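Take a look at the letters that make up each chain.
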Amino acid sequence: MSQPNPLVEIGFRIPFDQIRAEHVEPAIDELLADARARMEALASAGGPRTFDNTMRALDRMTDRLDFAMSVVRHLEGVATTPELRAAYNAVQPRVSAFYSSIPLHAGLWKAIKAYGETEQARALAGPRRRFLEKTIETFRRHGADLDAAGKKRLEEIDLELATRTMKFSENVLDSTNAFELVITDPGQLAGLPETARAAARQRAEEKGQPGWRFTLQAPSYVPLMTYLDDAGIRERVYRAYYARAASGEHDNRGLVRRILELRREKTLLLGCDDFADFVLWDRMAKSGERAARFLDDLHARTDDAFQRENRELAAFRRATEGADAPPLKPWDVARYSEKLRQALYDFDAEALRPYFPLPRVIEGLFAICSRVFGIRVIETPGVPAWDAAVRCFEIRDASTADLLGAFYADFHPRENKRGGAWMDSLITGGPGPGGHEPHLGLICGNLTPPVGNRPALLTHDEVETVFHEFGHLLHHCLSRAELRGQSGVNVAWDFVELPSQIMENWCWEREALDLVASHYQTGEPLPEDLVAKMKRARTFRAANGQMRQLGLATADLALHRQYAPTTDGDPVTYTRNIIQNFSPTPLDSDHSMIAGFTHLFSDPVAYAAGYYSYKWAEVLDADAFTRFKTEGIFSEKVGWEFRDQVLARGDSVDPAELFRQFMGRDPDPQALLVRYGLIPEQAS
Ligand SMILES: [Zn+2]
């Protein structure tokens, strides 16, 4: 044998500079075999069942495999090569087949149930009791209790769901790509900014076409709908966008029906009669009914501001185009909103960039976290990583100097790196001989890069992104949970964005901005008038933004709770009738939004019955931040409580309980409504 395979052994210092594509398959196969062997050993262990030999063994059963896969998945995302992608694609199906086989392993299920019946298990309390109960429920919900015929049917349903949902997303992609609009008359481009024209010209050149080419992809669609003067073209593109995958060879309507039927059948097979309840049992909302009430309540509280915004926009059109200007059509809304925004605010987000050089932003972020959460973040140079641009940091407790965690930061785009911003965990620490072992994670972004000697100058949005991902990272690195499965970000989907989104709040507070913003040439703080404009722009037509999200979330829950394929007819019409109640203008009969709604139908579960989570998490973070607002945005006391009662706990306690411990009550949407200017501040 030559060199040892660096993916096989877990170590805190990951030898990123030594991992190559050819290590992937042998390492993953070896670790799959290891995990299988541990599963068999767990299932057939002799002697009395204990928490250690059953539950803890289960919690650790796949740790080596999880770690190696997280490294491979990560490298495929940030330093991909054709060889690495091929290796990843080769192992991925084997690994996911193994994970889905775990709850169906009869011996393992028997072992867990046997432990559940012991005296020791009955006496369990706190996190360990929660872990046992959730494990048993999770196994049941994955079919552990089904007889052979039931398991076979479950497998068929899962397989059909996988193929149907994949076909759904292919149809969306294909029908999106099937549309193009080539404009050759420059007069028709009136209103469109130079950057959007240049992009359209480039898209045409790539196809060897004259003129300007427009598509239904967001970078083309959004500027066209926002800026183009020509209403006829806007109408055509809008109609094409909302008719995607609703007819012809890429028609998704039958698939939507079938996917909903399969989800319902699966729910019934597993002993539950409501798909939303089935999905939400371990989320903070707990039931479809509760999620629906949450949406209805926000809808009612947003409606006044929504109607007011719509009247304002109609009045603005009449004021600029005359009293007989026609009512706004759906394809007019973005265009006139932008005109109104310019008329009211004259705010260019780009003007903020010189005040947000990345080094200062990071320094400010660390300073804020140091004051609020009692930690120190220190850069550790010379750590091998996947690219020379990657930096490595340690997080230590400010009072004990204990190492809590370490992380890599990879901030800027590269050709071999995927888009977006994200946090990921690599190693999850737990109690060890020398105290709680440190965690290891990473944050990645595609932020504006530095140019020449000038530092990277960020937009305010990008600053929020850095804070957001760092919040996820703190959730991972400050975890004190005993069990891996309950550590850090392994929490309910409608709770996981609380630690990240709450961090964004500091990006809107003057005193915090003074730590984060400083002109990269003059060192001056952010001018007060820019801060005021930035805040005003935040509330502009916020009720419309919120209504849109509420409409999609309401339609999602209705489809998964009430819709009956046999009596409710075409799902497109059914959904349109719901969304209409949240739309600023009447929708035409060709509006077929649901046929292209990949969030709900491009994966066996995806966001199905979970779209409400976006708003839910916003309510949590706005509400939780009110404690900082009232007791001080740098309050050590509130910061410690958040660290101790939320960040440190992971999923070891029910998230609703964690929230109650921190706030002393259940979540209240008031703070979110104030944030968006939907109700006046003094009313809160
Ligand atoms: Zn997030």
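Every value quoted in this text rests on a predicted model; they were computed, and no experiment measured them.

Definitions and cut-offs
- Residues numbered from 1 in each chain as written.
- Predicted model: local features only at pLDDT ≥ 70, side-chain atom pairs only at ≥ 80, totals over all residues.
- Heavy atoms only, no water.
- Helix = DSSP H or I, 4+ residues; strand = E, 2+ residues; numbered from the N terminus.
- Buried < 20%, exposed > 50% of the residue type's maximum accessible area, 1.4 Å probe, protein only.
- Pairing = 2+ DSSP bridges.
- Salt bridge = Lys/Arg side-chain N within 4 Å of Asp/Glu carboxyl O.
- Donors = N, O, S within 2.8 Å, 3.2 Å for Na, K, Ca; no water.
- Phe/Tyr/Trp six-rings, centres within 6.5 Å; stacked < 30°, edge-to-face > 60°.
- Lys NZ or Arg CZ within 6 Å of the ring centre and 35° of its normal.
- Lys, Arg positive; Asp, Glu negative; His and termini not counted.
- Contact = heavy atoms within 4.5 Å.
- Core = buried A, V, L, I, M, F, W, Y, C linked by side-chain atoms within 4.5 Å.
- Axes fitted to C-alpha atoms, helices over the stretch in contact; angles between N-to-C directions.
- Polar contact = N/O pair within 3.5 Å; in protein donor to acceptor, adjacent residues only side chain to side chain.
- Parallel < 35°, antiparallel > 145°, perpendicular 65-115°, else oblique.
- Left-handed = near helix turned anticlockwise from the far one by under 90°.
- Nonpolar A, V, L, I, M, F, W, Y, C, P; charged D, E, K, R; others polar.
- Expected span 1.5 Å × (residues − 1).
- Arc of directions from axis to C-beta.

Enquirer: Before we move on, can you summarise the environment of Gly 150 with the specific residues and values?
Expert: Examined against the element boundaries, Gly 150 turns out to sit in helix α8 (residues 148-177). Sequence-wise, Gly 150 and Leu 270 are 120 residues apart; in three dimensions their C-alpha atoms are separated by 8.9 Å.

Enquirer: For the pairing of strand β9 (residues 439-444), give the residues involved together with the corresponding values.
Expert: Within β9, 6 of the 6 residues are buried, leaving the element largely enclosed by the surrounding structure. Side-chain alternation along β9 places His 439, Gly 441 and Ile 443 on one buried face and Leu 440, Leu 442 and Cys 444 on a second face that is also buried. Bridge count between strand β5 (residues 403-410) and β9: 6 bridges; the pairing is parallel. Bridged to Phe 407 within β9 is Gly 441. Bridging between strand β6 (residues 422-427) and β9 involves 5 bridges; their strand directions are antiparallel.

Enquirer: Now, about the pattern of salt bridges: what can you tell me, with residues and values included?
Expert: The full count for this structure, using the stated rule, is 63 salt bridges. Taking the shortest distance from any N to any O, the salt bridge between Arg 293 and Glu 289 comes out at 3.3 Å. Within this pair, Arg 293 and its partner Glu 289 are both found in helix α14 (residues 288-321), separated by 4 residues, close to a single helical turn. You can call Glu 289 partly exposed: its relative accessible area is 42%. The partner of Glu 394 in a salt bridge is Arg 396, with the nearest N and O atoms 3.0 Å apart. Each of Glu 9, Asp 34, Arg 38, Asp 63 and Arg 64 takes part in one network of salt bridges that share partners.

Enquirer: Which residues make up the coordination of the zinc ion, and what are the values?
Expert: Donor atoms from the polypeptide that bind the zinc ion are His 468 (NE2), His 472 (NE2) and Glu 497 (OE), placed at 2.1 to 2.2 Å. The sequence pattern formed by the donor residues of the zinc ion is H-x3-H-x24-E. Of this pair, His 468 sits in helix α17 (residues 460-477) while Glu 497 sits in the loop between α17 and α18 (498-504), placing them 29 residues apart in sequence. Among the residues examined, His 468 registers a relative accessible area of 13% and is labelled buried.

Enquirer: Could you give an account of the packing of aromatic side chains, naming the residues involved and the relevant values?
Expert: Here the distance between the centres and the angle between the planes together describe a pair of aromatic rings. Summed over the entire model, instances satisfying the criterion amount to 31 aromatic pairs. Measuring from ring centre to ring centre gives 5.4 Å for Phe 168 and Phe 601, while their planes differ by 50°; the resulting arrangement is tilted. In this pair, Phe 168 is assigned in helix α8 and Phe 601 in helix α23 (residues 598-601), connecting sequence segments 433 residues apart. Ring centres of Trp 506 and Phe 628 lie 4.9 Å apart, and the angle between their planes is 65°; this geometry places the pair in the edge-to-face category. Taken as a pair, Trp 506 in the loop between α18 and α19 (510-516) and Phe 628 in helix α24 (residues 613-631) lie far apart in primary sequence, 122 residues in all. The exposure classification of Trp 506 matches that of Phe 628, with both residues buried. Here a set of aromatic residues connected by ring pairs shows up, and it is made of Phe 373, Trp 506, Phe 625, Phe 628, Phe 642 and Phe 662. It is Arg 371 that lies over the ring of Phe 634; its NZ or CZ is 3.9 Å from the centre.

Enquirer: Please provide a residue-by-residue account of the side chain of Arg 263, values included.
Expert: Inspection of the secondary structure puts Arg 263 in helix α12 (residues 253-269). Buried charged residue Arg 263 carries no salt bridge. Nearest counter-charge: Asp 603, at 6.2 Å. Those residues in contact with Arg 263 that sit more than four places away from it in its chain are Leu 161, Phe 275, His 560, Leu 600, Phe 601, Asp 603, Pro 604, Val 605 and Ala 608.

Enquirer: Tell me what's going on with the environment of Ala 43, and back it up with residues and numbers.
Expert: Secondary-structure assignment places Ala 43 in helix α1 (residues 21-44). Since its relative accessible area comes to 19%, Ala 43 is described here as buried. The spacing of Ala 43 and Trp 109 is 66 residues in sequence and 7.9 Å in space, taken between C-alpha atoms. Discounting chain neighbours no more than four positions away, the residues touching Ala 43 are Arg 49, His 105, Gly 107, Leu 108 and Ala 111.

Enquirer: Describe the nonpolar core, with residues and values.
Expert: Among the nonpolar cores identified, the biggest contains 163 residues, and Phe 356, Phe 373, Ile 395, Phe 407, Phe 467, Phe 470 and Trp 506 are the most heavily contacted of them. The leading source of residues in this core is helix α21 (residues 542-561), at 10 residues. Filtering out sequence-adjacent residues up to four positions away, Phe 470 remains in contact with Leu 365, Phe 366, Cys 369, Val 377, Phe 407 and Ile 443. Residues Leu 7, Leu 42, Val 95 and Phe 139 belong to the second largest nonpolar core, which totals 60 residues.

Enquirer: Which residues make up the sheet that holds β6, and what are the values?
Expert: Spatial strand order, β3-β4-β5-β9-β6: 5 strands in an open sheet with mixed pairing. Only two strands of the sheet have a single partner each, and these edge strands are β3 (375-379) and β6. If you compare each strand with its neighbour and ignore which way they point, the axes differ by 25° on average. Where β3 and strand β4 (residues 391-397) come together, 5 bridges link them in antiparallel fashion. In the sheet register, Glu 379 faces β4, and the bridge partner there is Phe 393. Set on the sheet, helix α3 (residues 63-78) makes contact with β5, β6 and β9; between it and β6 the angle comes to about 145°.

Enquirer: Please give an account of helix α22 (residues 571-580) that cites residues and values.
Expert: By the criterion of burial, α22 is predominantly enclosed, with 7 of the 10 residues buried. For α22, the N-terminal capping position is held by Asp 570, with its side-chain oxygen 3.1 Å away from the main-chain nitrogen of Val 572.

Enquirer: Describe the packing of α14 against α21, naming the residues involved and giving the relevant values.
Expert: It is at 9 Å that the axes of α14 and α21 come closest, and there the two elements cross at 150°. As summarised for this structure, α14 and α21 are arranged roughly antiparallel, according to the angle between their axes. When you trace α14 past α21, the crossing you get is left-handed. Classifying every residue of the contact of α14 with α21 gives 12 nonpolar, 7 polar and 4 charged.

Enquirer: Please give an account of the packing of helix α16 (residues 358-373) against α17 that cites residues and values.
Expert: Across the interface, α16 lies against α17 with an axial gap of 11 Å and an inter-helix angle of 40°. Considering their axes alone, α16 and α17 lie oblique with respect to each other. Considering only the axes of α16 and α17, their crossing is right-handed. Where α16 abuts α17, its residues Val 361, Leu 365, Phe 366, Ile 368, Cys 369 and Phe 373 lie against Val 463, Val 466, Phe 467, Phe 470 and Leu 474. Grouping the constituent residues of the contact of α16 with α17 by class yields 11 nonpolar, no polar and no charged.

Enquirer: Explain unusual backbone geometry to me, using residue names and the numbers behind them.
Expert: Positive phi values are uncommon outside glycine, yet Ala 245 reaches one of about 55°. Note that Ala 245 resides in the loop between α11 (231-242) and α12. Judged by its relative accessible area of 2%, Ala 245 falls in the buried class. One non-glycine residue, Arg 541, adopts positive backbone phi at about 50°. For Arg 541, a relative accessible area of 11% translates into the label buried.

Enquirer: So what's going on with helix α9 (residues 194-206)? Which residues, and what values?
Expert: Helix length check: α9 (13 residues) gives 18 Å between terminal C-alpha atoms against 18 Å at 1.5 Å per residue, within 8%. Inspection of α9 places Ala 196, Ala 200, Arg 203 and Ala 204 among the buried residues, and these make up the whole buried set. The buried residues of α9 occupy an angular sector of 100° when the element is viewed end-on, so they sit on one face. Of the residues in α9, the exposed ones pointing more than 90 degrees away from the buried face are Glu 194, Thr 195 and Glu 206. Structurally, α9 contributes buried residues whose contacts are with β2 (212-214) and α10 (218-227). Positive backbone phi, at 65°, marks Gly 208, one or two positions downstream of α9.

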